[in-house]
Amino acid sequence: MKRLFLLLAALLGLCACTELQRESPLPHLEKRGEATQLIVDDKPYLILGGELWNSTASSPAYMEREGIWDRLQATGLNTVLLPVYWELIEPEEGVFDFSMLDEAIAEARRRDMRLVLLWFGSWKNSMSCYAPGWMKRQFGTTYPLVKNREGRTLEILSPFAEVNCEQDKRAFVTLMTHLKATDAERTVVMVQVENEIGMLQSARDYSEAANKAYHEAVPQEVVDYLKERGEACRPPLYEAWRGQGCPEAGDWEELFGAGLDTEEFFMAYHFARYVEQIARAGKEVYPLPMYVNAALNSRGRKAGEYPSAGPLSHLWDLWHLAAPSIDFLAPDIYDPLFPEWVAQYDLPQNPLFIPEIKHEPCPENGARVFYAVGRHKALGFSPYAIDDVTPDVPRYALKEAYAVLRSIAPEVLSAQAAGRIHGVWFDKAHTEQVVRIGDIELCCRHDLTLGWSAEAAHPELWSETAALIIELGAGEFLVAGTGVVLTLRSYREDDTIVGIERIEELDYHDAGLPVLRRLNGDEDHQGRHLRIPFGQYGVQRLVCYTYR
Ligand code: DGJ
């Protein structure tokens, strides 16, 4: 009997052990050297992603009919950003249906792809259109809404109503509990909490609860933060406080002055507090990395005229303070000035991730991803409306770019951590950039400035191009991207020559990254430069020699 018992216990132990072994390690963010990276299956992971149109994932049948999963895979995405809709997962209060999500996870897993889930909960592009019908029918009564300055009610759940937050939190926790129970393989690697939170039509909420909070003393933690961080805070917040004489107590207007900026600070703090409750409760159940995304104020509009008080770079301190469970703020980029926007979100405690960027069929996004990853050590990149992809188009920019990046991802990720990676970016106003590494200057240019490509005669073809450069060893580099010409120069003030010993074009379609061709003669302008032509994508190894 005793022996039978021991045998059973051993068998049970074995089963439990196999069970444990099947559970993959949790995805998480980790500071590795100079970069913060997403770790998946215990290895750094680069998101080569795309976000679906808002309504695509509401129907697995639609996705199948349109062949969307296959198209995403054929485009070379390794990650899909996919919404989870509160109204559909909780169609009746307390009754949950995760079948859509389960199917999406199964489809992604089948293709060895990962998912980032977008929680369309209380807010989607400022509005509250994804709240379930049973809640909407009680909007303004059980579930308080925002009021504008004139006292008119807006279809935006008020962040000052605990009951709103409680309902959202309960649904989100149920989602995270379901994921924990069903996604042992960690197909889902990260979660976006809400979507483009922000006030529209009014800079702040004028509901009764909001008015009360606005005229109460600013929470002590805000004052303590300002005192402690001082000038290290993003300028608008600190300048406003300094403008008032750095008071240590008072209501929002006493601390920061009356005006739209103060109303935006106030709302940002309270949006962040609301989100914190949801993210913290979700992480307590299942601690995946979590972030929030921002609609940018690209046209210099005033608070209330654009989705204000969201997770914007100028409000970073308030979001960071009030929502510590949120790992980073991320920009949705739909306007020009790409380098300026991404720089604003690459902060010491805020790794850059681009969850949305306008989907240009070609060639800008193919170029931008190299710059984001090389210059700003981005965790990943993800054009919006990715289901529009038509990967059968010859030389589809994003597909080519992702294929190159997939092949060099291990080198990219270790160079990010070691600080051995650089990015260069060109448009009509910025055609040259010099990267100095030790005594060598890599002078990079948009290739059309040199007239080497046939396209050079057509100024209308000019567009953004970019490349990343990885230091492989002394005088040895990996260059990947599109539309770049690179010449070498010595930094020393003597007649030292830095020349090209050899250039190898690597075959990024082969996982082993073998040498495809030795490039010389016309292909490197008789040893004068390295070139990846405009409209083409490639990766080349450059070995230099120095002559003194
Ligand atoms: C930004 C939002 O976050 C997306 O969900 C989508 O609405 C896009 N704008 C495009 O309209």
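Residues numbered from 1 in each chain as written. Predicted model: local features only at pLDDT ≥ 70, side-chain atom pairs only at ≥ 80, totals over all residues. Heavy atoms only, no water.

Caption draft 1: Fine view of the overall build of the protein chain. Scanning the protein chain for helices and strands turns up 16 helices and 24 strands. Taking 548 residues into account, the globule formula puts the C-alpha radius of gyration at 24 Å, and the protein chain, at 26 Å, falls close to it. C-alpha extents for the protein chain along the principal axes are approximately 80 × 75 × 50 Å. A total of 548 residues make up the protein chain; the buried ones form 55% of that total. In the protein chain, the proportion of contacts linking residues at least 24 apart, taken out of those at least 6 apart, comes to 74%. (Helix = DSSP H or I, 4+ residues; strand = E, 2+ residues; numbered from the N terminus. Rg over C-alpha atoms; globule rule 2.2 N^0.38 Å. Buried < 20%, exposed > 50% of the residue type's maximum accessible area, 1.4 Å probe, protein only. Contact = heavy atoms within 4.5 Å.)

Caption draft 2: Quick look at a nonpolar patch on the surface. On the surface, a cluster of nonpolar side chains totalling about 320 Å² of accessible area is made up of I497, Y545 and Y547. Topologically, I497 is positioned in strand β21 (residues 497–506). A relative accessible area of 41% places I497 in the partly exposed class. (Patch = residues over 30% accessible without salt bridge, like charges linked within 9 Å, V, L, I, M, F, W, Y side chains within 5 Å. Areas by Shrake-Rupley, 256 points an atom, 1.4 Å probe, with all protein chains shown as cover. Salt bridge = Lys/Arg side-chain N within 4 Å of Asp/Glu carboxyl O.)

Caption draft 3: Spatial organisation of the nonpolar core. Grouped together as the largest cluster of nonpolar side chains are 151 residues, with contacts concentrated most on L72, V193, F256, W319, F338, I408 and L468. Lining this core are residues from two domains, each supplying at least three of them: domain 1 (48–206 + 262–357) and domain 2 (421–547). Counting residues in each nonpolar core, the second largest holds 22 residues, with V435, V479, L488 and I532 among its members. (Core = buried A, V, L, I, M, F, W, Y, C linked by side-chain atoms within 4.5 Å. Domains from an automatic or database assignment.)

Caption draft 4: Here's a closer look at the packing of aromatic side chains. The final tally for this structure, using the stated rule, is 23 aromatic pairs. A centroid spacing of 6.0 Å and a plane angle of 40° characterise the contact between W86 and W119, whose relative ring orientation is tilted. Here W86, found in helix α4 (residues 86–89), pairs with W119, found in strand β6 (residues 114–124); they are 33 residues apart in sequence, far enough to count as distant. The pair W86 / W119 is uniform in exposure class, with both members buried. (Phe/Tyr/Trp six-rings, centres within 6.5 Å; stacked < 30°, edge-to-face > 60°.)

Caption draft 5: Structural context of the sheet that holds strand β17 (residues 440–446). In spatial order, the strands read β16-β17-β20-β23; together these 4 strands make up an open sheet with antiparallel pairing. Of all strands in the sheet, those with a lone pairing partner are β16 (432–437) and β23 (530–532), marking the two edges. Direction aside, the axes of adjacent strands within the sheet are offset by 20° on average. (Pairing = 2+ DSSP bridges. Axes fitted to C-alpha atoms, helices over the stretch in contact; angles between N-to-C directions.)

Caption draft 6: Representation of the site of the ligand within the structure. The environment of the ligand is made up of N54, K124, N125, N195, E196, D332, Y334, E356 and Y384. Between the ligand and N54 there is a distance of 2.9 Å, counted from an oxygen atom to a side-chain nitrogen or oxygen. The contact in question runs from an oxygen atom of the ligand to an N or O atom on the side chain of E356, over 2.6 Å. Bound to the protein, the ligand loses 77% of the 290 Å² it would expose on its own. Of the residues belonging to the shell around the ligand, the class tally is 2 nonpolar, 3 polar and 4 charged. (Near = heavy atom within 4 Å. Polar contact = N/O pair within 3.5 Å; in protein donor to acceptor, adjacent residues only side chain to side chain. Nonpolar A, V, L, I, M, F, W, Y, C, P; charged D, E, K, R; others polar.)

Caption draft 7: View of helix α16 (residues 397–418). Taken as a whole, α16 carries its principal kink of about 70° at I408; the proline P410 stands between one and four residues after it. Among the residues trailing α16, G419 stands out with phi positive, at a value near 70°. (Bend = angle between axes of the 7 residues up to and from the residue.)

Caption draft 8: Region of interest: the domain arrangement of the protein chain. Assigned domains of the protein chain: these are domain 1 (48–206 + 262–357) and domain 2 (421–547). One C-alpha centre belongs to domain 1, the other to domain 2; they are set 39 Å apart.

Caption draft 9: Broad picture of a negative patch on the surface. Where like charges cluster on the molecular surface, the negative patch consists of E64, D97, D102 and E103. Its place among the elements puts E64 in helix α2 (residues 60–65). (Lys, Arg positive; Asp, Glu negative; His and termini not counted. Charge placed at Lys NZ, Arg CZ, Asp CG, Glu CD.)

Caption draft 10: Quick look at the state of the cysteines. A full pass over the atoms with the stated rule returns 0 disulfides. Here C233 is not disulfide-linked; the sulfur of C246 is the nearest cysteine sulfur, at 10 Å. (Disulfide = S-S within 2.5 Å.)

Caption draft 11: Local environment of the environment of T487. By secondary structure assignment, the location of T487 is in strand β20 (residues 484–490). When the C-alpha positions of T487 and R445 are compared, they lie 8.6 Å apart, and in sequence the two are 42 residues distant. Those residues in contact with T487 that sit more than four places away from it in its chain are E441, L442, C443, R528 and H529.

Caption draft 12: Quick peek at the pattern of salt bridges. Scanning the entire structure with this criterion turns up 27 salt bridges. Across the pair E504 and R502 runs a salt bridge, and its minimum N-O distance is 3.1 Å. Taking relative accessible area as the criterion, R502 reaches 23% and is therefore assigned partly exposed. One network of salt bridges, with partners in common, ties together D70, E107, R110 and R111.

Caption draft 13: Molecular detail of unusual backbone geometry. Non-glycine residue D41 carries a positive phi angle of around 55°. Along the chain, the position of D41 falls in the loop between β2 (35–40) and β3 (43–45). On the basis of relative accessible area, D41 is assigned to the partly exposed category, the value being 28%. At N125, a residue that is not glycine, the phi angle is positive and equals roughly 50°. Of note, N125 is situated in the loop between β6 and α6 (133–136).

Caption draft 14: Quick look at the sheet that holds strand β5 (residues 79–85). Spatial ordering of the open sheet is given by β12-β14-β4-β5-β6-β9-β10-β11-β13, a layout of 9 strands whose pairing is parallel. Pairing within the sheet leaves two strands with one partner each, and these edge strands are β12 (353–354) and β13 (356–357). Inspection of the sheet shows strand β9 (residues 188–195) paired to strand β10 (residues 290–295) by 2 bridges, in the parallel sense. Considered in β10, the bridge of V191 is made with M290. Packing of helix α7 (residues 162–182) onto the sheet brings it into contact with β5, β6, β9 and β10, and relative to β6 it is tilted by some 165°.

Caption draft 15: Seen up close, the confidence of the model for the protein chain. Averaged over the protein chain, the pLDDT score is 93; the fraction of residues at 70 or greater is 93%. The low-confidence segment residues 1–21 (pLDDT under 50) makes 0 contacts with residues lying over four places distant or belonging to another chain. (pLDDT = per-residue confidence, 0-100.)

Caption draft 16: Broad picture of helix α15 (residues 364–375). With 12 residues, α15 should reach 16 Å at 1.5 Å per residue; the first-to-last C-alpha distance of 16 Å fits that figure. Positive backbone phi, at 50°, marks K377, one or two positions downstream of α15. (Expected span 1.5 Å × (residues − 1).)

Caption draft 17: Highlighting the environment of V189. Position of V189 relative to the elements: it lies in strand β9. Sequence-wise, V189 and I470 are 281 residues apart; in three dimensions their C-alpha atoms are separated by 27 Å. Beyond its immediate stretch of four places on either side in the chain, V189 contacts P27, L38, V40, R114, L115, V116, L288 and P289.

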